[in-house]
Amino acid sequence: MKNHTFLIKSTKNSSFGTAFCIKQDTKGSYFVTCTHVVEDCRIDSLTIEQHQAKLVTIGSRDGIDLAVVFVEGLSDCQALKLSNESVEKGRIFTINGFKPHKKGIHKLERLDGSVKKISKIYSDTKSIDTYELTIEDGDSIERGYSGSAIVCNGFVVAVATDRNTNGKQAYAVPIGYLGEIWEDMPDGLFVDFQELNPYKGLFHFTYEDRENYFGREKESKEIADMLKESRFFTLLGASGSGKSSLLFAGILPLIRDEGVAILDFRPQDRPFRNLANIFIPTLYQDELLQIEKKEELTKKLQNGDIKLENLTEHYFEKAKIERLYIIIDQFEELFTLTKESKIKNLFLDQLLRLIESNLNATVIISLRADFLSFASYHEQLNHAIDQNQKKILGLMSEDNLKRAIELPAKNLGVGFEKGLIERILKEISKEAGQLPLLEFALEQFWQKMENRVITHKSLDEMGSISHAISYHADAIYERYSSEQEAIKRIFLKLVNVGGGTEDTRRVAKFEDFDKDDRETITLLATDRLVITTENSVEVVHEALIREWGVLKAWIEEHREFLEWEKRTRIDIEFYNNSGKKGHVP
C-alpha cells in the first residue's frame, strides 16, 4: 500500500513535522501540513522524501495553522479524502505522525484518541473552532506530529497543530478551514456527506471502523479479558453472526497496547504463504527482498525447515515487543480451500507447537460453528479447542441490535423516522445470519436519506430486508444483460460446494478466467458483489450464496459438475505437488 503520510523537514536546521497527501497530478503531489512547521523549517528549505517542497498557500500561525505545499516528481503516494463535517465530542480518531528519534532518524507511529471538547480561538478579525484531543493511555503525542491528519471514519477531519507538555492532550484545527486559505483549491478534495456512510454493507468492520461498531461491547470486553491468560482462543459462530467484525472492531482495540503486536491473516488456499506474509514486512525492510523472501519462507515453514515458534521468537526480537496476538480469521478456509490433507496437517502441527511453546503469544481463530466437526479429524487441534478458552457467538439482542442500527448514524447527526427502527427489528431480530442482511440494508437506506433522516420510504421501496441482497444482485444482473453468461461462469467458479455443510465461497485466481470474464469481474467489483486483490477474486460475503436465488439455482443446476470439478482440482494440485495421482480427502 502506498504511503499517505510523510516526514517534512528542513535542509537548513533540525526542524521537522508531518505532512499528508491530498491530491496528485501528472507533475507531482499536494500535501497539507502546519503553518508553523513551514515557517520553522523555512519556506525555501522544505523537503519531502528528498524532493524540494514548494509553498502553495499558507495560513496564520496564530489562526488557521494550515499550509499546502507541492512536491514535483513525487507521485507514488496515496491521497487522503477530506471531510468538512463537524466532529462531536467523544469521536474516536487515529493519527499518524513522526516522533523524534536519535541521530535524526524519525519514525512514523500511529496513535489513537478521542475528541475531548470543541473550543474557539480568537484573532483580531475572526474566531475559529479548534479541537482539544485526548490521547489513549500508554501513548503520547510528540512535537513531530504537527501537520498530522486527524482521521475519523476513514476521512481527514482536522490537522494536529499543538500539544501540551506531557503529550497526553493535543489540539487540532478542522480541515474545513483549508478553503479559507486556498483561493484556488481544486474540486473533489472533500467528500460528499453521502460518502461518510458508517454502515459496512457486506464488508466486515475493521479496526478503522471501531467508532461505528456497536452492540457487542459486552462480548468484546469479556473476550479481551479472557485473552490475557489464553494461549489459544476459538471464536465460534454461524456465518453472518459477525465474528470478523467482533475480532477487528470490538476486541482488537481493547488488546492494542504499547509493546503489543497484532498480526492477522486468512488461510485461503495457501495457508503457509499467508502465514509467512504477516512476518515478512518486519523481518525484511527492503521491498524487493520481501518479495524474494516470501516464497522462501513459505517453503521452509511448509517443509518444517523453520519452526513457527522459532520464527515467532525471532519476530519478538526484531519488532521489540513483549506480547503477540496472531488472528486467523475464517479458519474454516483451511478445510474448504486448502486442497491437500498433508498441507492442512503440517500447518496445524506448526500452529499447535507455537501454542504449546513458552512464548508470550496467543493464537486466536474464528471458525464457523458448522465446521467444528472438521477439527475432530485432527486429534491435537480438537484437544486444543476443547482444553482452551472459546466463545460461541449467538444472536444479538433487540437492545443491542437497536444500538448497532441507531448509533452509527447518530454519530454523524443522522436520525431515523419514528417507528422505522422498530419495523427493522421486527423483521430481522430472530433471523440467523442477520448482521450482513442488516448492514447491507442500512447501507442502502443511508444513500436514500432525506434531510439527514432515514425514512420509512427506504424500507417500503426495498420491500424486505431479508431479500435486500437478492434484489440488489438481481438489479445488477439485469443491468449487465450482455454479460449474463459471463456472470454465471464467474460466480460458479467462486462457489465451493459443500459436502454435508453449507456451500461456501471459493477464492479463485485471476488466471482461472479469460480476458472477457476478467473485464466482467471488474464491473462486479465496482458494484461490490465480488472482492478482488492483485491475484484473486471472491464473493463479497457468503450471505450472497445463501440469499441470491439466481445463484442458488445455478449451483443446484450444476452441482454434480461442480463436485466433480472440485475433486479434479484436488487431484491436480496433489499431482503437481507430489507427482502421485490419487484423491485426497
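The rules we used
Residues numbered from 1 in each chain as written. Predicted model: local features only at pLDDT ≥ 70, side-chain atom pairs only at ≥ 80, totals over all residues. Heavy atoms only, no water. Pairing = 2+ DSSP bridges. Helix = DSSP H or I, 4+ residues; strand = E, 2+ residues; numbered from the N terminus. Axes fitted to C-alpha atoms, helices over the stretch in contact; angles between N-to-C directions. Contact = heavy atoms within 4.5 Å. Disulfide = S-S within 2.5 Å. Buried < 20%, exposed > 50% of the residue type's maximum accessible area, 1.4 Å probe, protein only. Phe/Tyr/Trp six-rings, centres within 6.5 Å; stacked < 30°, edge-to-face > 60°. Lys NZ or Arg CZ within 6 Å of the ring centre and 35° of its normal. Expected span 1.5 Å × (residues − 1). Salt bridge = Lys/Arg side-chain N within 4 Å of Asp/Glu carboxyl O. pLDDT = per-residue confidence, 0-100. Core = buried A, V, L, I, M, F, W, Y, C linked by side-chain atoms within 4.5 Å. Parallel < 35°, antiparallel > 145°, perpendicular 65-115°, else oblique. Left-handed = near helix turned anticlockwise from the far one by under 90°. Nonpolar A, V, L, I, M, F, W, Y, C, P; charged D, E, K, R; others polar.

I'm lost on the sheet that holds strand S17 (residues 389–393) in this one. Help?
Within a beta sheet, neighbouring strands are joined by backbone hydrogen bonds and run either parallel or antiparallel to one another. Pairing is parallel in the open sheet, where five strands are placed in the order S14-S15-S16-S13-S17. The outermost strands of the open sheet, each flanked by one partner alone, are strand S14 (260–265) and S17. Recorded for the sheet is a direction-independent mean angle of 15 degrees between the axes of neighbouring strands. Bridge count for strand S13 (residues 232–237) against strand S16 (residues 361–368) is six bridges, and the pairing is parallel. By the bridge assignment for S16, Gly237 is matched with Arg368. Running over the sheet, helix H5 (residues 271–283) touches S14 and strand S15 (323–328) and is turned about 150 degrees from S14. Along the sheet, helix H11 (residues 379–387) contacts S13 and S17; its crossing angle with S13, the most-contacted strand, is approximately 85 degrees.

Would you explain the state of the cysteines in this entry?
By definition, a disulfide is the covalent link that joins the sulfur atoms of two cysteine residues. As enumerated under the stated definition, the model contains zero disulfides in all. Cysteine Cys34 shares no disulfide, and the gap to the nearest cysteine sulfur, in Cys41, comes to 11 Å. Owing to a relative accessible area of 0%, Cys34 belongs among the buried residues under this scheme. The buried category is assigned to Cys41, whose relative accessible area is 0%.

Explanation requested: the packing of aromatic side chains in the structure shown.
Taken as a whole, this structure holds 17 aromatic pairs when the rule is applied. For the pair Phe272 and Phe347, a centre-to-centre distance of 5.5 Å together with 80 degrees between the ring planes defines the contact as edge-to-face. With a gap of 75 residues between them, Phe272 in helix H5 and Phe347 in helix H9 (residues 341–356) connect regions that are remote in the sequence. With relative accessibility at 2%, the residue Phe272 sits in the buried group. Through successive ring pairs, a cluster of aromatic residues spans Phe331, Phe335, Phe371 and Phe374. Arg210 extends its terminal NZ or CZ atom over the ring of Tyr207, reaching a point 4.2 Å from the ring centre.

How do you make sense of helix H14 (residues 434–447) when you look at a structure like this?
Because an α-helix packs 3.6 residues into every turn, residues spaced three or four apart end up facing the same way. For H14, built from 14 residues, the straight-helix expectation of 20 Å at 1.5 Å per residue is met to within 8% by its first-to-last C-alpha distance of 21 Å. Across the 14 residues that make up H14, a large majority, 13, are buried.

Help me understand the environment of Leu381 in this model?
One can find Leu381 in helix H11. Exposure remark for Leu381: the relative accessible area of 2% places this residue in the buried category. Between the C-alpha atom of Leu381 and that of Asp349, which follows or precedes it by 32 residues, the distance is 8.6 Å. Setting aside residues no more than four positions away along its own chain, Leu381 makes contact with Phe232, Phe331, Phe335, Leu348, Leu352 and Ala375.

How do you make sense of the sheet that holds strand S22 (residues 508–509) when you look at a structure like this?
Strand order in the open sheet formed by three strands is S22-S24-S23, and the pairing between neighbours is antiparallel. A strand with exactly one partner marks an edge of an open sheet, and here the two such strands are S22 and strand S23 (530–532). Sheet topology note: the S23/strand S24 (residues 536–539) ladder contains three bridges and is antiparallel. Its bridge partner lying in S24, Thr532 is registered against Val537. Sheet strands touched by helix H18 (residues 515–526): S23 and S24. Its angle to S23, the strand with the most contacts, is close to 110 degrees.

Explanation requested: the pattern of salt bridges in the structure shown.
Side chains that differ in charge, positive against negative, can pair when their charged atoms come close. As enumerated under the stated definition, the model contains 37 salt bridges in all. A salt bridge links Arg61 to Glu39; its shortest N-O distance comes to 3.1 Å. Within this pair, whereas Arg61 is found in the loop between strand S5 (51–58) and strand S6 (67–72), its partner Glu39 is found in helix H1 (residues 35–41), the two being separated by 22 residues in sequence. A residue is classified by how much of its surface remains accessible, and Glu39, at 38% relative accessible area, is partly exposed. When the shortest N-O distance is used, the salt bridge between Asp517 and Arg489 registers 2.7 Å.

So what exactly am I meant to see when it comes to the confidence of the model for the protein here?
Low pLDDT means the predicted coordinates in that region are not meant to be read closely. Looking at the protein as a whole, its pLDDT mean stands at 88, while 95% of the residues score no less than 70. Every residue in residues 579–585 scores below 50 in pLDDT, and together they form 18 contacts with partners more than four places removed in sequence or on other chains.

Explanation requested: the side chain of Glu542 in the structure shown.
Here Glu542 is to be found in helix H19 (residues 542–547). Judged by relative accessible area, Glu542 falls into the buried class, the value being 10%. Setting aside its immediate chain neighbours within four residues, Glu542 contacts Ser239, Arg368, Thr504 and Arg505.

Sorry, what's going on with H9 here?
With 16 residues, H9 should cover 22 Å at 1.5 Å per step; its first-to-last C-alpha distance of 22 Å lies within 8% of that length. For H9, every residue scored as buried is listed here: Ser341, Ile343, Lys344, Phe347, Leu348, Gln350, Leu351, Leu352, Leu354 and Ile355.

What is the right way to read the nonpolar core from this model?
The tendency in soluble globular proteins is for nonpolar side chains to be buried side by side. Counting residues in hydrophobic clusters, the biggest one holds 63 residues, and the most contacted among them are Phe416, Ile424, Phe445, Trp446 and Phe491. Examining the composition of this core, we find that eight residues originate from one element, H14, more than from any other. If near-sequence neighbours (up to four positions away) are discounted, Ile424 is found in contact with Ile405, Leu438, Leu442, Phe445, Leu459 and Ile465. Counting residues in each nonpolar core, the second largest holds 42 residues, with Ile280, Leu334, Ala361 and Ile385 among its members.

Is there a simple way to explain the packing of H5 against helix H7 (residues 308–319) in this structure?
If you want to describe how two helices pack, look at the angle between their axes and the distance between the axes. Two numbers describe how H5 lies on H7: the axes approach to 10 Å, and their chain directions differ by 30 degrees. Overall, the two elements H5 and H7 adopt an arrangement that is roughly parallel. In terms of crossing hand, the pair formed by H5 and H7 is left-handed. Judged by residue contacts, Leu275, Phe279, Thr282 and Leu283 of H5 engage Leu308, Leu311, Thr312, His314, Tyr315, Lys318 and Ala319 from H7. Split into classes, the residues belonging to the contact of H5 with H7 amount to seven nonpolar, three polar and one charged.

Quick question: what am I supposed to make of the pairing of strand S8 (residues 107–122) here?
On any regular strand, side chains alternate: one points to one face of the sheet, the next to the other face. Pairing of strand S7 (residues 92–99) with S8, which is carried by eight bridges, proceeds in the antiparallel orientation. Paired with Ile92 across the strands is Ser114, a residue of S8. Pairing of S8 with strand S9 (residues 127–135) involves nine bridges; the strand directions are antiparallel. Residue Ile118 lies in a different strand from S9, and its bridge partner there is Tyr131.

Where do I start with unusual backbone geometry in this structure?
Across residues other than glycine, the phi torsion is negative in most instances, and most of the peptide bonds are trans. Its identity is not glycine, yet Glu49 carries a phi of approximately 55 degrees, on the positive side. As for its placement among the helices and strands, Glu49 is situated in the loop between strand S4 (46–48) and S5. For Glu49, a relative accessible area of 48% gives the class partly exposed. Residue Gln268 is not a glycine yet carries a positive backbone phi of 50 degrees. For Gln268, a relative accessible area of 15% corresponds to the buried category.

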